Amino acid sequence: MTTRTYVLTLSCADTTGLVAATAGYLAGRGIFITESAHFGDPETGRFFERTVFRAGPEQPPIADIEAGFRPIAEKFGMAWKFHDTAIKPRVLVMVSKFDHCLNDLLYRYRTGSLPIDIPAVVSNHPDLARVVEWHGIPYHYLPVTKETKAAQEAAVLELIGRLKIDLVVLARYMQVLSPEMCQALSWRCINIHHSFLPSFKGARPYHQAHARGVKIIGATAHYVTGDLDEGPIIEQGVERIDHTFTPEDFVAIGRDIESVVLARAVQFHIEHRVVPNGHKTVVFRR
Ligand SMILES: Nc1nc2c(c(=O)[nH]1)N[C@@H](CN(C=O)c1ccc(C(=O)N[C@@H](CCC(=O)O)C(=O)O)cc1)CN2
(Lines give C-alpha, C1' and ligand atoms only; values in the text may rest on other atoms or scores of the structure.)
Protein backbone atom coordinates (compact mmCIF):
# COMPACT_ATOMS: atom_id res chain seq x y z
CA MET A 1 0.00 0.00 0.00
CA THR A 2 1.46 3.37 -0.97
CA THR A 3 1.61 6.37 1.34
CA ARG A 4 -1.39 8.60 0.82
CA THR A 5 -2.13 12.12 2.00
CA TYR A 6 -5.43 12.93 3.69
CA VAL A 7 -7.07 16.13 4.91
CA LEU A 8 -9.23 16.25 8.02
CA THR A 9 -11.58 19.23 8.24
CA LEU A 10 -13.76 19.83 11.26
CA SER A 11 -15.77 22.44 13.11
CA CYS A 12 -17.53 22.44 16.48
CA ALA A 13 -18.27 24.58 19.49
CA ASP A 14 -14.96 26.00 20.72
CA THR A 15 -13.50 24.62 23.96
CA THR A 16 -10.13 23.63 25.40
CA GLY A 17 -8.37 20.47 24.29
CA LEU A 18 -9.59 20.38 20.67
CA VAL A 19 -6.18 20.73 18.99
CA ALA A 20 -4.65 18.25 21.43
CA ALA A 21 -7.51 15.81 20.86
CA THR A 22 -7.00 15.69 17.10
CA ALA A 23 -3.21 15.76 17.11
CA GLY A 24 -3.06 13.32 19.99
CA TYR A 25 -5.32 10.86 18.24
CA LEU A 26 -3.28 10.94 15.02
CA ALA A 27 0.06 10.82 16.86
CA GLY A 28 -1.24 7.87 18.86
CA ARG A 29 -1.53 5.95 15.62
CA GLY A 30 1.95 6.94 14.44
CA ILE A 31 0.51 9.29 11.84
CA PHE A 32 2.71 12.09 10.49
CA ILE A 33 0.96 15.47 10.36
CA THR A 34 2.35 17.62 7.54
CA GLU A 35 0.20 20.74 7.96
CA SER A 36 -2.33 21.95 10.51
CA ALA A 37 -4.26 25.16 11.01
CA HIS A 38 -7.10 26.12 13.31
CA PHE A 39 -9.24 29.15 14.16
CA GLY A 40 -11.61 30.01 17.00
CA ASP A 41 -14.29 32.51 15.95
CA PRO A 42 -15.01 34.75 18.99
CA GLU A 43 -18.20 35.98 17.34
CA THR A 44 -19.80 32.55 16.85
CA GLY A 45 -17.86 30.61 19.50
CA ARG A 46 -17.07 28.04 16.81
CA PHE A 47 -13.76 26.22 16.30
CA PHE A 48 -12.42 25.28 12.86
CA GLU A 49 -9.50 23.01 11.94
CA ARG A 50 -7.79 21.65 8.84
CA THR A 51 -5.11 19.03 9.35
CA VAL A 52 -3.12 17.31 6.59
CA PHE A 53 -1.44 13.98 7.33
CA ARG A 54 0.20 11.05 5.63
CA ALA A 55 -0.79 7.40 6.13
CA GLY A 56 1.25 4.54 4.70
CA PRO A 57 1.62 0.78 5.04
CA GLU A 58 2.72 1.10 8.68
CA GLN A 59 -0.49 2.92 9.61
CA PRO A 60 -4.03 1.56 9.93
CA PRO A 61 -6.22 1.82 6.81
CA ILE A 62 -8.13 5.14 6.53
CA ALA A 63 -11.42 3.45 7.35
CA ASP A 64 -9.98 2.41 10.72
CA ILE A 65 -8.51 5.86 11.30
CA GLU A 66 -11.96 7.36 10.61
CA ALA A 67 -13.69 4.82 12.84
CA GLY A 68 -11.29 5.50 15.68
CA PHE A 69 -11.82 9.25 15.39
CA ARG A 70 -15.64 9.06 15.52
CA PRO A 71 -15.92 8.86 19.34
CA ILE A 72 -13.74 11.98 19.68
CA ALA A 73 -15.85 13.80 17.09
CA GLU A 74 -19.05 12.81 18.86
CA LYS A 75 -17.67 13.89 22.27
CA PHE A 76 -17.10 17.42 20.93
CA GLY A 77 -20.12 17.50 18.57
CA MET A 78 -17.91 18.00 15.53
CA ALA A 79 -18.90 18.33 11.88
CA TRP A 80 -15.96 16.47 10.37
CA LYS A 81 -14.68 14.76 7.20
CA PHE A 82 -11.57 12.91 6.07
CA HIS A 83 -10.67 13.69 2.44
CA ASP A 84 -8.36 11.50 0.29
CA THR A 85 -6.21 13.95 -1.73
CA ALA A 86 -5.51 11.28 -4.35
CA ILE A 87 -9.12 11.40 -5.51
CA LYS A 88 -9.49 13.98 -8.30
CA PRO A 89 -12.70 16.00 -7.88
CA ARG A 90 -15.18 15.80 -10.76
CA VAL A 91 -16.16 19.35 -11.78
CA LEU A 92 -19.11 20.38 -13.95
CA VAL A 93 -18.51 23.82 -15.51
CA MET A 94 -21.56 25.89 -16.48
CA VAL A 95 -21.21 28.88 -18.84
CA SER A 96 -23.34 31.19 -20.99
CA LYS A 97 -21.53 33.29 -23.67
CA PHE A 98 -18.57 34.98 -21.95
CA ASP A 99 -15.66 32.52 -22.32
CA HIS A 100 -12.78 34.00 -20.29
CA CYS A 101 -13.34 32.07 -17.05
CA LEU A 102 -14.10 28.85 -18.99
CA ASN A 103 -10.92 29.17 -21.08
CA ASP A 104 -8.86 29.83 -17.96
CA LEU A 105 -10.25 26.75 -16.19
CA LEU A 106 -9.76 24.59 -19.30
CA TYR A 107 -6.12 25.73 -19.55
CA ARG A 108 -5.45 24.94 -15.88
CA TYR A 109 -7.20 21.56 -16.31
CA ARG A 110 -5.26 20.75 -19.50
CA THR A 111 -1.88 21.69 -17.99
CA GLY A 112 -2.65 19.95 -14.69
CA SER A 113 -2.15 23.09 -12.61
CA LEU A 114 -5.70 22.54 -11.38
CA PRO A 115 -5.93 18.80 -10.49
CA ILE A 116 -9.56 18.20 -11.46
CA ASP A 117 -11.55 16.13 -13.92
CA ILE A 118 -14.13 17.95 -16.10
CA PRO A 119 -16.55 15.23 -17.28
CA ALA A 120 -18.81 17.83 -18.97
CA VAL A 121 -19.58 21.48 -19.65
CA VAL A 122 -23.18 22.76 -19.65
CA SER A 123 -24.34 25.94 -21.40
CA ASN A 124 -27.61 27.64 -22.19
CA HIS A 125 -26.05 28.77 -25.49
CA PRO A 126 -24.35 26.78 -28.30
CA ASP A 127 -21.53 29.32 -28.78
CA LEU A 128 -18.68 27.66 -26.85
CA ALA A 129 -19.06 24.06 -28.02
CA ARG A 130 -15.94 24.05 -30.23
CA VAL A 131 -13.40 25.08 -27.59
CA VAL A 132 -14.85 22.62 -25.10
CA GLU A 133 -14.95 19.70 -27.56
CA TRP A 134 -11.38 20.55 -28.64
CA HIS A 135 -10.45 19.62 -25.08
CA GLY A 136 -12.23 16.27 -25.53
CA ILE A 137 -15.00 17.31 -23.12
CA PRO A 138 -18.71 16.73 -23.90
CA TYR A 139 -20.68 19.98 -24.33
CA HIS A 140 -24.31 19.90 -23.18
CA TYR A 141 -26.32 22.70 -24.79
CA LEU A 142 -29.37 23.09 -22.50
CA PRO A 143 -31.28 26.26 -23.45
CA VAL A 144 -33.53 27.79 -20.78
CA THR A 145 -36.44 30.18 -20.61
CA LYS A 146 -38.65 31.20 -17.68
CA GLU A 147 -41.14 28.54 -18.84
CA THR A 148 -38.57 25.72 -19.21
CA LYS A 149 -36.38 26.54 -16.19
CA ALA A 150 -37.64 23.68 -13.96
CA ALA A 151 -37.19 21.10 -16.74
CA GLN A 152 -33.76 22.46 -17.69
CA GLU A 153 -32.58 22.41 -14.08
CA ALA A 154 -33.90 18.85 -13.71
CA ALA A 155 -31.80 17.87 -16.74
CA VAL A 156 -28.73 19.52 -15.19
CA LEU A 157 -29.31 17.74 -11.86
CA GLU A 158 -29.75 14.40 -13.66
CA LEU A 159 -26.38 14.98 -15.38
CA ILE A 160 -24.74 15.91 -12.05
CA GLY A 161 -25.98 12.64 -10.55
CA ARG A 162 -25.16 10.45 -13.53
CA LEU A 163 -21.63 11.88 -13.89
CA LYS A 164 -21.00 11.73 -10.11
CA ILE A 165 -20.12 15.44 -10.02
CA ASP A 166 -18.44 16.71 -6.83
CA LEU A 167 -18.41 20.44 -7.66
CA VAL A 168 -20.34 22.76 -10.00
CA VAL A 169 -18.60 25.93 -11.18
CA LEU A 170 -20.66 28.79 -12.64
CA ALA A 171 -18.04 30.32 -14.93
CA ARG A 172 -20.20 33.26 -16.03
CA TYR A 173 -23.39 31.27 -16.24
CA MET A 174 -25.90 34.08 -16.51
CA GLN A 175 -29.04 32.39 -15.23
CA VAL A 176 -30.33 32.59 -11.66
CA LEU A 177 -30.57 29.08 -10.18
CA SER A 178 -33.76 28.21 -8.32
CA PRO A 179 -33.73 27.79 -4.51
CA GLU A 180 -34.33 24.06 -5.02
CA MET A 181 -31.27 23.80 -7.30
CA CYS A 182 -29.19 25.77 -4.79
CA GLN A 183 -30.30 23.47 -1.97
CA ALA A 184 -29.36 20.40 -4.02
CA LEU A 185 -25.91 21.94 -4.64
CA SER A 186 -25.41 23.43 -1.17
CA TRP A 187 -21.70 24.20 -0.50
CA ARG A 188 -20.68 22.56 -3.79
CA CYS A 189 -21.58 25.21 -6.37
CA ILE A 190 -19.18 28.15 -6.83
CA ASN A 191 -20.10 31.31 -8.79
CA ILE A 192 -17.91 34.17 -9.99
CA HIS A 193 -19.62 37.57 -9.61
CA HIS A 194 -18.06 40.40 -11.56
CA SER A 195 -17.94 42.94 -8.73
CA PHE A 196 -16.31 43.40 -5.30
CA LEU A 197 -19.33 42.26 -3.29
CA PRO A 198 -21.37 43.51 -1.54
CA SER A 199 -21.10 46.39 -4.01
CA PHE A 200 -22.93 46.25 -7.32
CA LYS A 201 -25.04 43.10 -7.06
CA GLY A 202 -27.14 41.84 -9.97
CA ALA A 203 -26.79 42.62 -13.65
CA ARG A 204 -24.19 44.94 -15.32
CA PRO A 205 -22.02 45.53 -12.20
CA TYR A 206 -19.20 47.16 -14.22
CA HIS A 207 -21.59 49.80 -15.58
CA GLN A 208 -22.97 50.34 -12.07
CA ALA A 209 -19.37 50.80 -10.81
CA HIS A 210 -18.47 53.21 -13.60
CA ALA A 211 -21.60 55.27 -12.92
CA ARG A 212 -20.63 55.41 -9.23
CA GLY A 213 -17.10 56.64 -10.07
CA VAL A 214 -15.24 53.98 -8.09
CA LYS A 215 -11.40 53.86 -8.02
CA ILE A 216 -11.15 50.12 -7.46
CA ILE A 217 -13.01 47.28 -9.22
CA GLY A 218 -13.05 43.63 -8.37
CA ALA A 219 -14.57 40.17 -8.54
CA THR A 220 -15.98 37.75 -5.97
CA ALA A 221 -16.15 33.96 -5.91
CA HIS A 222 -18.86 32.62 -3.60
CA TYR A 223 -20.95 29.54 -2.95
CA VAL A 224 -24.36 29.88 -4.58
CA THR A 225 -27.47 30.26 -2.45
CA GLY A 226 -31.06 31.12 -3.31
CA ASP A 227 -30.32 34.77 -2.47
CA LEU A 228 -28.71 36.24 -5.57
CA ASP A 229 -25.08 37.34 -4.99
CA GLU A 230 -25.46 36.75 -1.23
CA GLY A 231 -23.70 33.37 -0.93
CA PRO A 232 -20.72 32.69 1.41
CA ILE A 233 -17.63 34.37 -0.02
CA ILE A 234 -14.56 32.21 -0.76
CA GLU A 235 -12.19 34.64 -2.52
CA GLN A 236 -12.07 38.23 -3.83
CA GLY A 237 -9.67 40.26 -5.95
CA VAL A 238 -9.34 43.93 -6.96
CA GLU A 239 -7.54 46.25 -9.35
CA ARG A 240 -7.09 50.03 -9.16
CA ILE A 241 -8.64 52.07 -11.96
CA ASP A 242 -9.25 55.82 -12.44
CA HIS A 243 -11.45 58.42 -14.15
CA THR A 244 -9.88 57.75 -17.53
CA PHE A 245 -11.25 54.18 -17.69
CA THR A 246 -14.42 53.46 -19.69
CA PRO A 247 -16.97 50.77 -18.77
CA GLU A 248 -15.41 48.69 -21.56
CA ASP A 249 -12.02 49.08 -19.85
CA PHE A 250 -13.64 47.85 -16.62
CA VAL A 251 -14.96 44.77 -18.44
CA ALA A 252 -11.53 44.06 -19.95
CA ILE A 253 -9.65 44.40 -16.65
CA GLY A 254 -12.44 42.48 -14.93
CA ARG A 255 -11.89 39.44 -17.16
CA ASP A 256 -8.44 38.88 -15.68
CA ILE A 257 -9.58 39.45 -12.09
CA GLU A 258 -12.57 37.11 -12.51
CA SER A 259 -10.46 34.31 -14.02
CA VAL A 260 -7.82 34.41 -11.28
CA VAL A 261 -10.33 34.77 -8.42
CA LEU A 262 -12.47 31.88 -9.67
CA ALA A 263 -9.47 29.58 -10.21
CA ARG A 264 -8.18 30.37 -6.71
CA ALA A 265 -11.60 29.68 -5.17
CA VAL A 266 -11.84 26.33 -6.99
CA GLN A 267 -8.28 25.48 -5.82
CA PHE A 268 -9.14 26.32 -2.19
CA HIS A 269 -12.30 24.20 -2.42
CA ILE A 270 -10.63 21.11 -3.94
CA GLU A 271 -7.76 21.34 -1.41
CA HIS A 272 -10.40 21.28 1.35
CA ARG A 273 -9.19 24.66 2.63
CA VAL A 274 -12.74 26.08 2.95
CA VAL A 275 -14.83 25.31 6.04
CA PRO A 276 -18.40 26.64 6.36
CA ASN A 277 -18.98 29.17 9.18
CA GLY A 278 -22.70 29.98 9.05
CA HIS A 279 -23.25 32.29 6.05
CA LYS A 280 -19.49 32.90 5.93
CA THR A 281 -16.38 30.77 5.35
CA VAL A 282 -13.12 30.05 7.10
CA VAL A 283 -10.44 29.69 4.40
CA PHE A 284 -7.16 28.10 5.50
CA ARG A 285 -5.05 29.57 2.72
CA ARG A 286 -1.59 28.18 1.88
N1 LIG B 1 -29.26 31.27 -7.08
C2 LIG B 1 -28.26 31.93 -7.69
N3 LIG B 1 -28.03 31.74 -8.98
C4 LIG B 1 -26.99 32.38 -9.56
C5 LIG B 1 -26.20 33.30 -8.83
C6 LIG B 1 -26.45 33.43 -7.43
O7 LIG B 1 -25.77 34.18 -6.72
N8 LIG B 1 -27.48 32.74 -6.90
N9 LIG B 1 -25.22 34.04 -9.47
C10 LIG B 1 -25.39 34.09 -10.90
C11 LIG B 1 -24.37 34.87 -11.63
N12 LIG B 1 -24.74 36.28 -11.63
C13 LIG B 1 -23.97 37.14 -10.99
O14 LIG B 1 -22.89 36.80 -10.55
C15 LIG B 1 -25.96 36.69 -12.26
C16 LIG B 1 -26.35 36.07 -13.38
C17 LIG B 1 -27.56 36.44 -13.99
C18 LIG B 1 -28.35 37.41 -13.46
C19 LIG B 1 -29.65 37.74 -14.10
O20 LIG B 1 -30.32 38.64 -13.72
N21 LIG B 1 -30.03 36.89 -15.09
C22 LIG B 1 -31.33 37.03 -15.74
C23 LIG B 1 -31.25 36.51 -17.16
C24 LIG B 1 -30.15 37.11 -17.91
C25 LIG B 1 -30.04 36.53 -19.31
O26 LIG B 1 -30.90 35.76 -19.73
O27 LIG B 1 -29.03 36.86 -19.93
C28 LIG B 1 -32.29 36.05 -15.10
O29 LIG B 1 -31.84 34.96 -14.70
O30 LIG B 1 -33.49 36.38 -15.13
C31 LIG B 1 -27.93 38.02 -12.29
C32 LIG B 1 -26.73 37.66 -11.69
C33 LIG B 1 -25.58 32.73 -11.50
N34 LIG B 1 -26.74 32.15 -10.89
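Rules and cut-offs
- Residues numbered from 1 in each chain as written.
- Predicted model: local features only at pLDDT ≥ 70, side-chain atom pairs only at ≥ 80, totals over all residues.
- Heavy atoms only, no water.
- Helix = DSSP H or I, 4+ residues; strand = E, 2+ residues; numbered from the N terminus.
- Expected span 1.5 Å × (residues − 1).
- Bend = angle between axes of the 7 residues up to and from the residue.
- Buried < 20%, exposed > 50% of the residue type's maximum accessible area, 1.4 Å probe, protein only.
- Contact = heavy atoms within 4.5 Å.
- Axes fitted to C-alpha atoms, helices over the stretch in contact; angles between N-to-C directions.
- Parallel < 35°, antiparallel > 145°, perpendicular 65-115°, else oblique.
- Left-handed = near helix turned anticlockwise from the far one by under 90°.
- Nonpolar A, V, L, I, M, F, W, Y, C, P; charged D, E, K, R; others polar.
- Near = heavy atom within 4 Å.
- Polar contact = N/O pair within 3.5 Å; in protein donor to acceptor, adjacent residues only side chain to side chain.
- Areas by Shrake-Rupley, 256 points an atom, 1.4 Å probe, with all protein chains shown as cover.
- UniProt positions renumbered as here; feature names shortened; annotations may be inferred.
- Phe/Tyr/Trp six-rings, centres within 6.5 Å; stacked < 30°, edge-to-face > 60°.

1. Digging into helix 2 (residues 62–76)
Helix length check: helix 2, at 15 residues, gives a terminal C-alpha distance of 21 Å against a target of 21 Å (1.5 Å per residue), a fit within 8%. The sharpest bend along helix 2 comes to roughly 30 degrees, located at Arg-70, with the proline Pro-71 sitting one to four residues further on. Looking only at helix 2, the buried set comprises Ile-65, Phe-69, Ile-72, Ala-73 and Phe-76. Buried residues along helix 2 sit against strand 1 (4–13), helix 1 (18–28), strand 3 (46–55) and strand 4 (79–84). Positioned one or two residues after helix 2, Gly-77 has a phi angle of 65 degrees, which is positive.

2. Here we look at the packing of helix 1 against helix 2
For the pair helix 1 and helix 2, the least separation of the axes is 11 Å and the interaxial angle reads 160 degrees. Between helix 1 and helix 2, the angle falls in the class roughly antiparallel. As helix 1 runs across helix 2, the sense of the crossing is right-handed. Across from Leu-18, Ala-21, Thr-22, Tyr-25 and Leu-26 in helix 1, the residues of helix 2 making contact are Asp-64, Ile-65, Gly-68, Phe-69, Ile-72 and Phe-76. Among the residues forming the contact of helix 1 with helix 2, the class breakdown is 8 nonpolar, 2 polar and 1 charged.

3. Regarding the site of the ligand
Surveying the vicinity of the ligand reveals 15 residues, the closest of which are Gln-175, Leu-177, His-193, Thr-225 and Asp-229. In this structure, a nitrogen atom belonging to the ligand sits 3.4 Å away from a main-chain N or O atom of Met-174. A distance of 2.9 Å is found between an oxygen atom of the ligand and a backbone nitrogen or oxygen belonging to Asp-229. Within the complex, 75% of the 700 Å² of free accessible area of the ligand lies under protein. Considering every element that reaches the shell around the ligand, the biggest residue donor is strand 9 (residues 189–193), with 3 residues.

4. Considering the UniProt feature "active site" (unreviewed entry) in the protein
Sites flagged by UniProt as "active site" (unreviewed entry) map to Asp-229. Classification of Asp-229 as buried rests on a relative accessible area of 9%. Aside from chain neighbours lying at most four places away, what touches Asp-229 is His-193, Leu-197, Lys-201, Gly-202 and His-222. In terms of polar contacts, Asp-229 uses its side chain to reach the side chain of His-193, at 3.3 Å.

5. As for the packing of aromatic side chains
Following the criterion strictly, the structure yields 8 aromatic pairs and no others. Seen in terms of ring centroids, Phe-53 and Phe-82 are 5.9 Å apart; in terms of plane orientation they differ by 80 degrees. Their pairing is edge-to-face. A residue pair is termed long-range when its members are at least 10 positions apart, and Phe-53 in strand 3 and Phe-82 in strand 4 qualify at 29 residues. The class for Phe-82 is buried, based on a relative accessible area of 6%. Ring geometry for Phe-69 against Phe-82: centres 5.7 Å apart, planes inclined by 85 degrees, an arrangement best described as edge-to-face.

6. Some points on the environment of Phe-53
On the basis of relative accessible area, Phe-53 is assigned to the buried category, the value being 0%. For the pair Phe-53 and Ile-33, spaced 20 residues apart in sequence, the C-alpha to C-alpha distance is 4.2 Å. Those residues in contact with Phe-53 that sit more than four places away from it in its chain are Arg-4, Thr-5, Tyr-6, Leu-8, Leu-26, Ile-31, Phe-32, Ile-33, Thr-34, Ile-62 and Phe-82.

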